[in-house]
Amino acid sequence: MLSKSLNNLLNPESDNDLAIIIPGKRSISYKDYSDQIERVSGLLAGNGLSQGDTVSIVLQNGLEFMILFLAITHAGGVAAPLNPNYTITEFEFYMKDGGSKFVVISNDKSPAITAANNLNIPILTTSFTSGNLTIAHEGNKLSKLLDPATPSEDDTALFLHTSGTTNRPKGVPLKHRNLMGSISNIMKHYSLNFEDRSMIVMPLFHVHGLIGASLSTLMSGGTLIIPQKFSAGTFWTDVKTHKATWYSAVPTIHQVLLLRADEDGAPHISFRFIRSCSSALAPTILDNLEA
């Protein structure tokens, strides 16, 4: 029976021991990834994160994001990823509307800092020290550990906002069972397994990148390949180097990658499949991708 809590998403005993690859930087096994999540969730709980508290995540794609997201939900908190490119006014709106108790950043020049200070929200900064993710508040590394609260399937895990294209953005809380159901459906539909390697090109603050490609891969025991920033110029090199078996993107990105494929030496036999979401894919692009 499928567990309906994100706490049971990872399998440290997976047949595949490689959870995440950050091209050019580091990789992490499922066992180490699970240990990092457990430790960071304990640090968050030990420093004031209670069940149901919202944490705004202002991080680029990378290992820090993937650890923080699951550490927050593991501790019974609510993860609220935000686009790092928002303005101060936008950050203030989203943080206030989500009731953020903490804001997590890695860039000391982010406008999120000004927004959080204007709202008197404590700021946590992340960095890697000797292979471990560290969290600091006002320059002091968090060290106090507490056993985190265990969330139930009916607890909120993720807080997002609508795009706001026709009206003011509205908050959308998603429960653990909502996420686990979606992740499971994606995994089963594409027959994802521990041999799959997903190249992440979409931002992790969006459900397409987070749920549609990342968490579904982790549930299957596969490997995530997460460049810190999407670059069409390095995409095909990363695909070949790390043996990606699939990726998911919007049509615009597919078109850009297709235009560079021959120039960048894209392999003619590579992916098990390519997934396109969020808007309609033109038949010509579809045909050329398949070719």
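The rules we used
Residues numbered from 1 in each chain as written. Predicted model: local features only at pLDDT ≥ 70, side-chain atom pairs only at ≥ 80, totals over all residues. Heavy atoms only, no water. Phe/Tyr/Trp six-rings, centres within 6.5 Å; stacked < 30°, edge-to-face > 60°. Buried < 20%, exposed > 50% of the residue type's maximum accessible area, 1.4 Å probe, protein only. Helix = DSSP H or I, 4+ residues; strand = E, 2+ residues; numbered from the N terminus. Pairing = 2+ DSSP bridges. Axes fitted to C-alpha atoms, helices over the stretch in contact; angles between N-to-C directions.

(A) Representation of the packing of aromatic side chains within the structure. Tallying each qualifying case throughout the model produces 12 aromatic pairs. Ring centres of Y86 and Y94 lie 4.8 Å apart, and the angle between their planes is 20 degrees; this geometry places the pair in the stacked category. A residue is classified by how much of its surface remains accessible, and Y94, at 11% relative accessible area, is buried. Taken together, the ring pairs connect Y86, F91, F93 and Y94 into an aromatic cluster.

(B) Spatial organisation of unusual backbone geometry. One non-glycine residue, N120, lies in the positive phi region at around 55 degrees. Summarising the element assignment, N120 is placed in the loop between α4 (111-118) and β6 (123-129). According to the relative accessible area criterion, N120 is exposed, its value standing at 70%. We note that S191 has phi near 50 degrees; this positive angle belongs to a residue other than glycine. Mapped onto the elements, S191 comes out in the loop between α5 (176-189) and β11 (197-200).

(C) Quick look at the sheet that holds strand β2 (residues 26-29). Spatially, β2-β1-β12-β11-β13-β14 is the arrangement adopted by the 6 strands of the open sheet, whose pairing is mixed. Every other strand in the sheet has two partners, leaving β2 and β14 (273-276) as the edge strands with one partner each. Geometrically, the sheet is characterised by an average inter-axis angle of 15 degrees between neighbouring strands, direction not taken into account. Two elements, β11 and strand β12 (residues 223-225), share 3 bridges in a ladder whose sense is parallel. Counted as the bridge partner of R197 is T223 from β12.

In short, shape yes, function no, at least from these values alone.
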